[in-house]
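One letter stands for each residue in the lines below.
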Amino acid sequence: MKLIKNAQVFSPSSIGQKDVFIAANKIIAIEDDLSHMGNELTEVIDASGQILTPGFVDSLVHITGGGGEGGYATRTPEMQVEEAFIGGVTTVIGALGTDAETRSLENLLAKTYGLEEQGLSAFCYTGSYHYPMVSITQSIKRDIMLIEKFIGVGEVAISDHRSSQMSVAEMARVASEARVAGMLSGKKGIVSVHVGDETAKLLKLTSVVEQSDIPISQFYPTHINRNKALLKAGFDYAKQGGYLDFTTSTTEQIIEQGETPAAKALAMALAEDIDVSQLTMSSDGNASLPIFDEQGQLIDLQIGRVSSLHQSMVEAVLLHQVPLELALSSITKSPANILSLKYKGQIKVGHDADINLLDKTTLSINQVFAKGQDVTVNK
Ligand code: ZN
């Protein structure tokens, strides 16, 4: 049992100074004063002057590594659990990416279970960039229905030279399989969509929505901040009810080539009156960040970092004047709701005790609890 006292609680909405009581892995009570709760076995943590937030939900991490666009030596490494905890991330969604030949869903699933054993909450997507979809049971529908950790399919790639150039009909079929599997298993069955640099932008998704009964909310497109034209198309897409995810891992060179930092993209989207429930940020952690020249030749490759999620949230607040509640929402409540992760993303009685304590001024991370356990990484 733990009693966190006198914290400024952002649930992510600001609910004022509260005590939060944790037993095992759950939040049991949130009140002005809970001094009467617990006993000599209760650990009391004085969080005076600190901000208490939900643990962050990172909706896209290449937990088994990714990339390889520059040859075998450029395959990126697996994510270590400390890389999540150091950035206040207590829930991750793992995905394959470009390479589903030397990397497998079996490996992704094993890594997901491994991270869960290490105290993180971890889920994953079946499928990859490629069509026909890879799966463990020869069907993405069966994967989502029969394997608990698979909550959807992705990253399915569109508008990218590395994609399988799916047709609108093929995308509609994938979305419908994910949707039905989700309905039958009580999951969202979301389709995580990697959107590349090509001029078609989000057209494949809007075409599916126009030509079928698949709702726009079945898709969860990411990397929307990668260039200005896509960002603008993204705002139009969101105004039709779609979700938008901005990628926080980046490099100076990528920004020079036209990417908008995720924090700024979030501020711009909010200024366009797009509701924060449709807006999220994810790290794309452990992905490769390849830079191609105009001829399509790879000229540089870096590795995405999960900790960039927290950094971008701080940047949104301190640099772009996004209210803390909204910046927090984009990495807690919004992704948890979009993915139907029931007990995640909010400070609420009955929810999992995934909690961060932040410095009130700098918003740096002081302490991290995942499922009630103190998992703070000493810096
Ligand atoms: Zn991607």
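Parameters and conventions
- Residues numbered from 1 in each chain as written.
- Predicted model: local features only at pLDDT ≥ 70, side-chain atom pairs only at ≥ 80, totals over all residues.
- Heavy atoms only, no water.
- Helix = DSSP H or I, 4+ residues; strand = E, 2+ residues; numbered from the N terminus.
- Buried < 20%, exposed > 50% of the residue type's maximum accessible area, 1.4 Å probe, protein only.
- Areas by Shrake-Rupley, 256 points an atom, 1.4 Å probe, with all protein chains shown as cover.
- Lys, Arg positive; Asp, Glu negative; His and termini not counted.
- Charge placed at Lys NZ, Arg CZ, Asp CG, Glu CD.
- Donors = N, O, S within 2.8 Å, 3.2 Å for Na, K, Ca; no water.
- Pairing = 2+ DSSP bridges.
- Axes fitted to C-alpha atoms, helices over the stretch in contact; angles between N-to-C directions.
- Contact = heavy atoms within 4.5 Å.
- Patch = residues over 30% accessible without salt bridge, like charges linked within 9 Å, V, L, I, M, F, W, Y side chains within 5 Å.
- Salt bridge = Lys/Arg side-chain N within 4 Å of Asp/Glu carboxyl O.
- Phe/Tyr/Trp six-rings, centres within 6.5 Å; stacked < 30°, edge-to-face > 60°.
- Lys NZ or Arg CZ within 6 Å of the ring centre and 35° of its normal.
- Core = buried A, V, L, I, M, F, W, Y, C linked by side-chain atoms within 4.5 Å.
- Polar contact = N/O pair within 3.5 Å; in protein donor to acceptor, adjacent residues only side chain to side chain.

Draft legend 1. How the structure looks around the overall build of the protein chain. Regarding its fold elements, the protein chain presents eleven helices and 18 strands. The dimensions of the protein chain, computed from C-alpha atoms along their principal axes, are 65 × 45 × 45 Å. Relative to its full complement of 379 residues, the protein chain shows a buried share of 58%. Counting only carbon and sulfur atoms, one obtains 49% of the accessible surface of the protein chain, whose full area is about 15,000 Å². Separation of charge centres in the protein chain, based on 30 positive and 45 negative side chains, amounts to 5 Å.

Draft legend 2. Main features of the coordination of the zinc ion. Looking at the zinc ion, one finds its protein donor set to be E155 (OE), H194 (ND1) and H223 (NE2), positioned 1.8 to 2.2 Å from the metal centre. Positions of the donor residues of the zinc ion, expressed as sequence spacing, correspond to E-x38-H-x28-H. Of this pair, E155 sits in strand β9 (residues 150-158) while H223 sits in the loop between β11 (219-222) and α6 (228-239), placing them 68 residues apart in sequence.

Draft legend 3. Representation of the sheet that holds strand β6 (residues 56-61) in the model. Here six strands make up an open sheet; going across it, the order is β6-β7-β8-β9-β10-β11 and the pairing parallel. Since the sheet does not close on itself, it has two edges, and those belong to β6 and β11, each with one partner. Between one strand and the next, the sheet's axes are offset by a mean angle of 30°, whatever the strand orientation. Bridge analysis of β6 against strand β7 (residues 89-94) gives four bridges, and the strand direction is parallel. Note on β7: the bridge partner recorded for D58 is V92. Taken strand by strand, helix α4 (residues 168-185) contacts β9, β10 (190-195) and β11, and its axis lies near 170° from that of β9.

Draft legend 4. Main features of a nonpolar patch on the surface. Taken together, the side chains of M145, L146, V180, M183 and L184 define a hydrophobic patch exposed on the protein surface, amounting to about 500 Å² of accessible area. Looking at the nonpolar patch, the elements that each hand over two or more residues are α3 (140-146) and α4. Of the residues forming the nonpolar patch, the biggest block, three residues, is contributed by α4. One can find M183 in helix α4. Relative accessible area serves as the criterion here: at 58%, M183 is assigned to the exposed category.

Draft legend 5. Fine view of the pairing of strand β16 (residues 355-359). The buried fraction of β16 is high, at four of five residues. Two elements, β16 and strand β17 (residues 365-370), share four bridges in a ladder whose sense is antiparallel. Within the sheet, the bridge partner assigned to I355 lies in β17 and is F369. In sequence, β16 turns back onto β17 through a hairpin of five residues, with L363 there showing a positive phi of about 60°.

Draft legend 6. Representation of the packing of aromatic side chains in the model. As enumerated under the stated definition, the model contains one aromatic pair in all. When the ring of Y220 is compared with that of Y243, the centres are 6.3 Å apart and the planes differ by 75°; the resulting orientation is edge-to-face. Here the residue Y220 occupies a position in strand β11, and Y243 occupies one in the loop between α6 and β12 (244-247), the gap between them amounting to 23 residues. With a relative accessible area of 2%, Y220 lands in the buried category. Over the ring of Y343 we find K26, and its NZ or CZ is 4.0 Å from the ring centre.

Draft legend 7. View of the pattern of salt bridges. Using the criterion set out here, one finds 13 salt bridges in the structure. For R162, the salt bridge is made with D160, and the minimal N-O distance between the two is 3.0 Å. When sorted by exposure, R162 lands in the same class as D160, which is buried. Connected through shared salt-bridge partners, K26, K344, D352 and D354 make up one network.

Draft legend 8. Representation of the nonpolar core in the model. Core analysis: the largest hydrophobic core is formed by 80 residues, its most contacted members being F219, F246 and M313. Per-element accounting of this core gives the leading share, seven residues, to helix α8 (residues 262-271). If you look at the next biggest cluster of nonpolar residues, it comprises 15 residues, including I45, L52, I355 and L357.

Draft legend 9. Molecular detail of the side chain of D160. You can see D160 is positioned in the loop between β9 and α4. Within the local environment of D160, its side chain forms a polar contact with the backbone nitrogen of R162, the two atoms lying 2.6 Å apart. Here D160 is in contact with Q165, H194, G196, E198 and R226, once residues within four sequence places are set aside.

Draft legend 10. A look at unusual backbone geometry. Cis geometry marks the peptide bond from S11 to P12, where omega comes out at 25°. Tracing the sequence through the fold places P12 in the loop between β1 (2-10) and β2 (14-23). Residue P132 is reached from Y131 by a cis peptide bond, and omega for that bond is -5°. Within the secondary structure, P132 is located in the loop between β8 (121-126) and α3. In the Ramachandran plot, S159 falls in the positive-phi region, its phi being about 50° despite a non-glycine side chain. Note on placement: S159 falls in the loop between β9 and α4.

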